[in-house]
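Observations on chain architecture
Residues per chain are reported as follows:
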Amino acid sequence: MAKVEKITLSPEQKLIERKRKLTRIKKDKWIYLLLLPGALFFILFKFVPMWGVLIAFKDYYAGINFWMAPWVGFSNFTDFFTDSDFLRLFKNTLIISGMNLVFFFPLPIILSLFLNEMKIQWYKKAVQTLVYVPHFVSMVVICSITFMLVKTPSIDGFTGGALYEIMKRLTGQSINVLDTPSNIYWVLLIQNIWKETGWGTVIFLAALAGVDMEQYEAAIVDGANRWQQMFYITFPAITSTIITMFILRMGAVLDTGFEQIILMQNDLNKTTSETFDTYVYNVGRVDGNYGYSTAVGLFKSIISIICIQSANFLAKRHGQAGLF
Amino acid sequence: MLTYKRKTIGEIIGDVIIYAVLTVLAITMVIPFLYVIAASFATETEILTRPLFIIPETVTVDAYKRIFDLNDYGTRVFQSLGVSVGVTLVGTLASLFFTTTMAYGLSRRNLVGRNIMLNCVLFTMVFSGGMIPTFLVVKGLGLYDTYAALILPGVISAYNMLISKNFFQELPAGLEEAASIDGCTDLGIFVKIALPLSLPMLATFGLFYAVGYWNNYFGALLYLESQEKYPFTLILRNIVFMAQAAEADPNVELPQETLKMAIIVVGTVPILIVYPFLQKHFAAGVMVGAIKG
Amino acid sequence: MLKKRIAAAALGAAMILGTLAGCGSTTTTLDLENPVITILCSQEDVQSATPDSPVWQALEEYIGAKLDISWVPASSYGEKLTATLGSGSYPMVLLVDTRSSSIIQNSRAGTFWEIGDKISDASKYPNLSQANPIILNNISIDGKVYGLYRARTLGRNGVSIRADWLKNLGLEIPTTIDEFYNVLKAFKENDPDGNGQNDTFGMIMTTSPTSFENLAVWFGAPNKYGVDEEGNMIPDFLTDEYFEAMQFLKKLYDEQLINQDMATYDGTKWDEQFLTGKAGVIIDVADRARRLATNIASKDPNAEVGVFGYLKRDANSEIRTLPTTGYNGYFVFPKKALPNEEDLEFVLGVMDKMNDQAAMNLMNYGIEGRQYEIVDGFAEVTTDSNLTKEFGDLNKISTGIVELELVKTYANETAKEVDRVYKDNEQYAVANPAEAFVSDTYSKKGPQLDAIISEARTRYIVGQIGEDEWKAELERWKSNGGNDIIQEISDQYKAINK
């Protein structure tokens, strides 16, 4: 019975459904027009080149005809997973990226909230402008300044870098920041914080521009103190931006970049600082082993998409808007 | 205007702490850049022998003289700065157009096909065909060695587009409904209501894109062939990273450190001054004021 | 919506086919009546010469062909090379900066002309036929030569030393390891600058491995690879001499004759302590001495920078020096851009003419009377950048297979000395027998494996590990792929030296 009913009813339902969709599409025709330029961009420059991921399954080098290059199935992947360094790379990548997520990610938010509390406008603007300057200073310069600051004395009796001397005076012992393997994580993190925190506030300040001043006035009338205002008005106003940023950040969970790490690497911290990105840089960009480095990239992509989707799912489950 | 309650002791202390912390922060943040500026005015020996300094012992403008001397670096520097400014301006406008139109379209929750499109965008954020296939597309479209190749292949950043989509989603829905009752088409709503209400967002992404275009050397490296089309970043990198070339080749003369620093300053200051101009759009309440006005 | 999607899909499919099939369609080929040679080359000067420069035109006239050169900033040449190879539209002359796997695969697949037999014909190519066989071997792949190398001095390594400190202490330039040790000790303990303070030390070491690699060869270790009794290749770090060099450095480290932060000392700051008069020795390339001499003059007018090429293990042992590879990139000739053999021969002929002294003078110094004068047999080149830019970067397309006879006027005594060291070193160069060999394992795991050794070596020198752990790390290197590398390279060596 039920089956028969479905067969007889379903086409009608489908028809109605399709008609409904068609009217909606017609109604939104201008919206589709707006979407067109963007869609064209994504098709031309993002989807057309997408055949490039097939390279991961080939033994391919730039210059060799793509179709002539032999298919190697998953061997690029198995080579990578069985590499004796794989677990170490994975661990380092997760530590560096995880520390950024835990310690760096909240800082621009906190800084924006503080900036929002500054009521002297010209002062606030000056501070804003200054904190975003480091974003424009090249990593090469930041790293070379780091060396100058934490340098240990070359020979007993010489003076070290400014930061080294300060730490020595405070703790009474000489701390060599650069020669202990696990320190590299903190060095990379602090450089990142130093360079990007101010820049990171830009997006949150834009979100804060949308807060209705009347809400603060009402809260003051209700006797809310400043912390309560910050907590109940300002913070909720940027929650959705924070969540969006967080979800997008999850997509980059295996990205560490290579320039900064390679600049800070030395023989004593290589075991702790080698990540997927530096590995791909060495094997792919320097050596031109395109199939292999594409495979590593594809592996990273798959992890990323899983992370983004899970973060998005969790956000939606907790009643937030999510990314899409 | 509202009347503030008299501040409590706690709030005053809070104020002091916030101002003190942020001031110290601002100073530490800006020291590296001050060093670069100082070094660009210092003598070569001073840079090589003195660690971190903010005020040079002997001030010299020799490096800048060379950079701006038309018989020396000048011709290339001015030419490439012109390219950079042009590409940044045109590129930013193009990017804002492409990004906002698409973001606004996708911000409509009940749009048919929206989820598929969003997923496609997300997919491109994570998966990429890589350098060679993209290069082939650029070449195939006849964009090789044109300025358009510096703009089009990256005209939308999926990241920026998704965030601005969320911004649009948060616009009060009532406004759009009111406008459509008034007989506005969707196009009209976008141009007359959504865009003006999103000025802080436009300023933010305008800044993001401008900085992106200004710093982009990789596109220029891959897609350009004629030297006279090179943007400034390519010239900058060529000088700053010359040390590597010199390592491989005794015939290469190392550029002076002061010159490197001066080139960095010349390449950074133009984009640095964009922010203060945009800053007024970030003041709290701007958007709400616009809605009511 | 649906239509759009179909249209898009069709467009996309067309694009894919078009781009894949159409590879090389934009490559221009040679017209022998009116020849224009396209070249992709790295750019190192800020102002590269342009086709309207008189020097450029004089060069074109001399070689009998027009030049169409794409200059690519040297710092990112590798990426541009990959994209050029991937896009399939080649120039006729292509600079290859490293012998990467990608270049090796392309050479084997026949992307480039094999020119080894051609250039040995002295009647056709009087200059190219003089190419140095060692360097040709270094750039060869499976025993075949695919390119013309850009010659650079083999004997580039050397030691910069404060000659005035030596004089103050009544010492000579050291010639043996023992003498070297005594000099370093005196630099630390005997107040070489005579300021009455104990504020100097011997030698500055950085994260760069060059200093150690030179020392190891002086101690008797092979240059990267040696051959054992059974005809197998062994890497330098498995030899006793290499370990002795490590022990020597450890002694210097323990006695504070070298900087204690050598493991983390950034290579870009190498000159700093030398210029400030804190240390007196740097083992690196000899031309560093030239730069040090220029920069130290304004800081300390009494300072003198000396340079020497090598140390002997002891007074009676043979002289050994660590050579460079002898080239900085090489030019290959893609078949797609030069489909016929006569095209190739024409281009080779042009490259040969570029090795004539007259052409090389043009590319290196410009036009006589305009950019340079000959004074006492040396080229006195103008410093007016308005004129020098007319030949900017032109010497980057010069192979310099024949030595340039006209020498630039020396800026100072040290510069002259550096040239002498180059020549001297070359006679004692220890060749790397495995330079031309290709190990597939190494191309995949090389960076990781190299890291095991350099990490262990540094940790041994600074005293974090002892001899047993060093040996254990060597075993780890072997089991992680090192044995495969040895096998692969030994096989190739045996195949050639049957």
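Residues numbered from 1 in each chain as written. Chains lettered and ligands numbered in written order. Predicted model: local features only at pLDDT ≥ 70, side-chain atom pairs only at ≥ 80, totals over all residues. Heavy atoms only, no water.

The subject of this paragraph is the overall build of chain B. When helices and strands are counted, chain B shows 17 helices and zero strands. Within chain B, the fraction of its 293 residues that count as buried is 57%. Carbon together with sulfur atoms contributes 67% to the accessible area of chain B, which is approximately 12,200 Å² in total. (Helix = DSSP H or I, 4+ residues; strand = E, 2+ residues; numbered from the N terminus. Buried < 20%, exposed > 50% of the residue type's maximum accessible area, 1.4 Å probe, protein only. Areas by Shrake-Rupley, 256 points an atom, 1.4 Å probe, with all protein chains shown as cover.)

Moving on to the interface of chain B and chain C. Contacts between the two partners involve 47 residues from chain B, matched on the other side by 44 residues from chain C. Approximately 3,900 Å² of surface area, both sides summed, lies buried where chain B meets chain C, with 56% of it carried by carbon and sulfur atoms. At the junction of chain B with chain C, the criterion picks out zero salt bridges. One can count eight residue pairs in polar contact (both at pLDDT 80 or more) joining chain B with chain C. Elements that contribute at least two residues to the side of chain B that touches chain C include exactly α2 (44–49), α4 (70–106), α5 (114–126), α6 (131–140), α12 (218–223), α13 (232–240) and α14 (242–248) of chain B. Among the residues making up the side of chain B that touches chain C, the classes are represented as 30 nonpolar, eight polar and nine charged. (Contact = heavy atoms within 4.5 Å. Buried area = accessible area lost by both parts, 1.4 Å probe. Salt bridge = Lys/Arg side-chain N within 4 Å of Asp/Glu carboxyl O. Polar contact = N/O pair within 3.5 Å; in protein donor to acceptor, adjacent residues only side chain to side chain. Nonpolar A, V, L, I, M, F, W, Y, C, P; charged D, E, K, R; others polar.)

Turning our eyes to something else, we now look at the environment of aspartate 68 of chain C. Residue and element names in this part refer to chain C. Of note, aspartate 68 is situated in strand β2 (residues 66–73). The exposure class of aspartate 68 is partly exposed, given its relative accessible area of 34%. Taking the C-alpha atoms as reference points, aspartate 68 and methionine 92, separated by 24 residues in sequence, lie 9.9 Å from one another. What aspartate 68 contacts, discounting residues up to four positions off in sequence, is Val36, Ile37, Thr38 and Ile39.

All names here are of chain C. With mixed pairing, the five strands of this open sheet are ordered in space as β2-β1-β3-β11-β4. The open sheet terminates on both sides in strands that have one partner only, identified here as β2 and β4 (147–151). Neighbour-to-neighbour, the strand axes of the sheet open up by a mean angle of 25°, direction not taken into account. Against the sheet, helix α3 (residues 77–87) makes contact with β1 (36–43), β2 and β3 (93–96), and its axis sits at roughly 135° relative to β3, the strand it touches most. (Pairing = 2+ DSSP bridges. Axes fitted to C-alpha atoms, helices over the stretch in contact; angles between N-to-C directions.)

So, about the sheet that holds strand β14 (residues 407–408) of chain C. Residues and elements named next belong to chain C. Pairing within the open sheet is mixed, and its three strands lie in the order β12-β13-β14. Pairing within the sheet leaves two strands with one partner each, and these edge strands are β12 (372–375) and β14. Relative to strand β13 (residues 378–381), β12 runs antiparallel, the two sharing four bridges. Residue isoleucine 374 lies in a different strand from β13, and its bridge partner there is alanine 379.

A few words on the domain arrangement of chain A. All names here are of chain A. Each assigned domain of chain A is listed with its residue range as follows: domain 1 (1–57) and domain 2 (81–136 + 192–317). For domain 1 versus domain 2, the distance between C-alpha centres works out to 34 Å. Counting from both sides, the interface comprises five residues of domain 1 and, opposite them, five residues of domain 2. Here domain 1 meets domain 2 over a buried area of about 370 Å², counting both sides, of which 86% is carbon and sulfur. At the surface where domain 1 touches domain 2, the tally comes to zero salt bridges. (Domains from an automatic or database assignment.)

It is worth spelling out the environment of leucine 36 of chain A at this point. Take leucine 36 of chain A: it is sitting in helix α2 (residues 29–47). Separated by 106 residues in sequence, leucine 36 of chain A and isoleucine 142 of chain A place their C-alpha atoms 42 Å apart.

With that settled, the discussion passes to the confidence of the model for chain A. The predicted model of chain A averages 86 in pLDDT, with 95% of residues at 70 or higher. Contacts from residues 1–6 of chain A, a stretch scored under 50 in pLDDT, to residues over four places away or in other chains number two contacts. (pLDDT = per-residue confidence, 0-100.)

All names here are of chain B. The domain boundaries assigned to chain B delineate domain 1 (1–60) and domain 2 (65–292). Listed by partner, the interface residues are 11 residues for domain 1 and 10 residues for domain 2. Together domain 1 and domain 2 conceal approximately 770 Å² of surface at their shared face, both sides included; 81% is due to carbon and sulfur atoms. Inspection of the domain 1/domain 2 interface yields zero salt bridges. Taken together, domain 1 and domain 2 are joined by two residue pairs in polar contact (both at pLDDT 80 or more). Secondary-structure elements contributing two or more residues to the side of domain 1 that touches domain 2 are α1 (9–40) and α2. No other element matches α1, which puts six residues into the side of domain 1 that touches domain 2. Classifying every residue of the side of domain 1 that touches domain 2 gives eight nonpolar, two polar and one charged.

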